[in-house]
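A look at the structure
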Amino acid sequence: MSLNNKKLALVHYWLTGMRGGEKVVQSICKLFPEIDIFTLVYNKAKIAESINQHKIHTSFIQKLPFARKAYQTYLPFMPIAIEQFDLSNYDIVISSESGIAKGVLTKPETCHFCYCHTPMRYLWNMYFDYLKNENIRFIKRGIIKIFFNYLRVWDLATSFRVDYFICNSQNVRKRILKYYNRDSEVIYPPVDVDNMKFETKKQDYYLVVGQLVSYKRADLAIKAFNVLGKELIIIGEGSEYKKLKKIAKNNIRFLGWQSADDLKKYYAMAKALIFPGEEDFGIVPVEAQASGTPVIGYGKGGLLETVIKGKTGMFFNRQDHKDIIDVVENFESVSSKFDPYEIRNNSMRFSKKSFENKLNQFLEEKYQEYYEIYLK
């Protein structure tokens, strides 16, 4: 069933920067130029114009002190805030979700699709890792335990407000099945592979790209290259920046934030991308492959779906710097066997066009199904 004459709303947790979730929002906006957006907090200056041009509704959290930067401190208010959005006049609601957005309330006449980036990691699979964070003080840790117990119940309850789940990987599909007992359709998120800079002649440096936060495990790459002595370039910012810089030797360079054009150049010229963390999907490895650059990464999570072992990259099996050393040394001896054209070709299955076509087809098919059951 065509959705051209339907009124659509898109619910996204917060619009405060252009990360992976916001790239999904951008593609949905392209598919549906008239779609209205609902979000808890909105920082217009940090969001692409293709999103800004839509009608954007915010929650009461937007008016609270420092909400645009310290929005995560208002997590206790988010379940209440998300339920205040009035979506009564919409035929279809699409929630872009990593915990809060799917909690919106809809009428029986409204079909609710949820594109789930992941169930909230700090409530479920990474709960105990989060509690071990050295930056969380004892009293705060006790409060978190109580509040997260409530939030976990709310999160599970809101999964039943969704009519159809979509997810970004088989990895997340298993997680949705485990925690919500709901099946979901895998549609890989959009990556701007067509506009990446492609090079066949590589320079002799390795690359790490991403937020410098604990779960990304950039510390493992640093420890490994401290021993290897090979050049490592690290692009990104985050709470671990100073700590990581202190333990790095002179062969490791920190470049901080880089423009999109400069980042593309570093991707294209790198000998290989080092990816030591576990991601639900992982856009960075796909961008590297679109540049013809192989990936050396932790063999778990979304990376197993985006990288082909021995063709577009290599895996290490433990998050241990010694394992990274072994794989990098092995890669050095076989690097000439990796074909940049084959590597780039693998990335094409994650293009924006592929995402938009598959999403539109799924929405039309399932809305027809919903219509036959509930609205006819």
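Structure shown above.
Residues numbered from 1 in each chain as written. Predicted model: local features only at pLDDT ≥ 70, side-chain atom pairs only at ≥ 80, totals over all residues. Heavy atoms only, no water.

Despite not being glycine, Asn181 shows a phi value in the positive range, around 55°. With phi around 60°, Arg217 is a residue other than glycine that occupies positive phi space. Residue position: Arg217 is located in the loop between β8 (206–209) and α7 (218–228). (Helix = DSSP H or I, 4+ residues; strand = E, 2+ residues; numbered from the N terminus.)

Taken together, seven strands build an open sheet; the order of strands is β3-β2-β1-β4-β5-β6-β7 and the sheet is parallel. The two strands at the open ends of the sheet, each matched to only one other strand, are β3 (56–58) and β7 (185–186). In the sheet, strand β1 (residues 8–12) pairs with strand β2 (residues 36–39) via four bridges, with the strands oriented parallel. Bridge pairing in β2 places Leu10 opposite Ile37. (Pairing = 2+ DSSP bridges.)

Here we come to the pattern of salt bridges. Across all of its chains, the model carries 20 salt bridges by this definition. Across the pair Asp183 and Arg173 runs a salt bridge, and its minimum N-O distance is 3.0 Å. Placement of the pair is Asp183 in the loop between α6 (170–180) and β7 and Arg173 in helix α6, with a sequence separation of ten residues. Here Asp183 falls in the partly exposed class, since its relative accessible area comes to 48%. Look at Arg173 and you get partly exposed, because its relative accessible area is 27%. (Salt bridge = Lys/Arg side-chain N within 4 Å of Asp/Glu carboxyl O. Buried < 20%, exposed > 50% of the residue type's maximum accessible area, 1.4 Å probe, protein only.)

Attention shifts here to the pairing of strand β10 (residues 252–256). Side-chain alternation along β10 places Ile252, Phe254 and Gly256 on a buried face and Arg253 and Leu255 on a face that remains uncovered. With four bridges joining them, strand β9 (residues 232–235) and β10 adopt parallel strand pairing. The partner of Ile233 across the bridge, within β10, is Arg253. Regarding the hand of the β-α-β motif, the stretch spanning β9, helix α8 (residues 241–247) and β10 is right-handed. (Right-handed = clockwise from strand over helix to strand, strands pointing away.)

If you look at the biggest cluster of nonpolar residues, it comprises 39 residues, and the most contacted ones within it are Val11, Leu40, Ile82, Leu87 and Ile100. The set of elements that each furnish at least two residues to this core consists of β1, α3 (78–82), β5 (111–116), α5 (138–158), β6 (164–167) and α6. Per element, the largest residue contribution to this core is five residues, and it comes from α5. Residues contacting Leu87, with those up to four places away along its chain left out, are Ala9, Val11, Phe38, Val93, Val104, Leu105, Thr106 and Thr110. (Core = buried A, V, L, I, M, F, W, Y, C linked by side-chain atoms within 4.5 Å. Contact = heavy atoms within 4.5 Å.)

In the structure, Asp183 is positioned 19 residues away from Tyr164 in sequence and 8.4 Å away in space, judged by C-alpha atoms. For Asp183, the residues in contact, after removing those within four places along its chain, are Phe165, Arg173 and Leu177. Polar contacts involving the side chain of Asp183 include one to the side chain of Arg173, which spans 3.0 Å. (Polar contact = N/O pair within 3.5 Å; in protein donor to acceptor, adjacent residues only side chain to side chain.)

On the surface, Phe60, Phe77 and Ile80 cluster together into a nonpolar patch covering about 270 Å² of accessible area. Structurally, Ile80 is set in helix α3. (Patch = residues over 30% accessible without salt bridge, like charges linked within 9 Å, V, L, I, M, F, W, Y side chains within 5 Å. Areas by Shrake-Rupley, 256 points an atom, 1.4 Å probe, with all protein chains shown as cover.)

Put simply, helix α10 (residues 283–290) and helix α13 (residues 340–347) touch, their axes get as near as 7 Å, and they point 135° apart. Of the possible angle classes, the one that applies to α10 and α13 is oblique. In this structure, α10 crosses over α13, and the sense of that crossing is left-handed. For the pair α10 and α13, contact is made by Val286, Gln289 and Ala290 and by Ile343, Arg344, Asn346 and Ser347, respectively. Taken together, the residues of the contact of α10 with α13 break down into three nonpolar, three polar and one charged. (Axes fitted to C-alpha atoms, helices over the stretch in contact; angles between N-to-C directions. Parallel < 35°, antiparallel > 145°, perpendicular 65-115°, else oblique. Left-handed = near helix turned anticlockwise from the far one by under 90°. Nonpolar A, V, L, I, M, F, W, Y, C, P; charged D, E, K, R; others polar.)

Right, let's talk about the sheet that holds β10 for a bit. Reading across from one edge, β10-β9-β8-β11-β12-β13 is the order of the six strands in this open sheet, with parallel pairing throughout. Each having just a single partner strand, β10 and β13 (313–316) make up the two edges of the open sheet. Strand-to-strand twist across the sheet, computed as the mean angle between neighbouring axes with direction ignored, equals 25°. Of the strands in this sheet, β8, β9, β10 and β11 (272–275) touch helix α9 (residues 260–269), which is tilted by about 140° from β8.

Attention now moves to the side chain of Ser291. With respect to the helices and strands, the residue Ser291 is situated in the loop between α10 and β12 (295–298). Among the residues examined, Ser291 registers a relative accessible area of 0% and is labelled buried. Those residues within four positions of Ser291 in sequence are excluded, and the remaining contacts are Met196, Lys197, Phe198, Glu199, Lys202, Tyr267 and Ala268.

Before going further, it helps to examine the side chain of Ser159. Relative to the elements of secondary structure, Ser159 occurs in the loop between α5 and β6. Of note is the side chain of Ser159, whose polar atom sits 2.5 Å from the backbone oxygen of Leu156. When near neighbours in sequence (up to four residues on either side) are disregarded, Ser159 contacts Lys102, Phe165, Tyr180 and Arg182.

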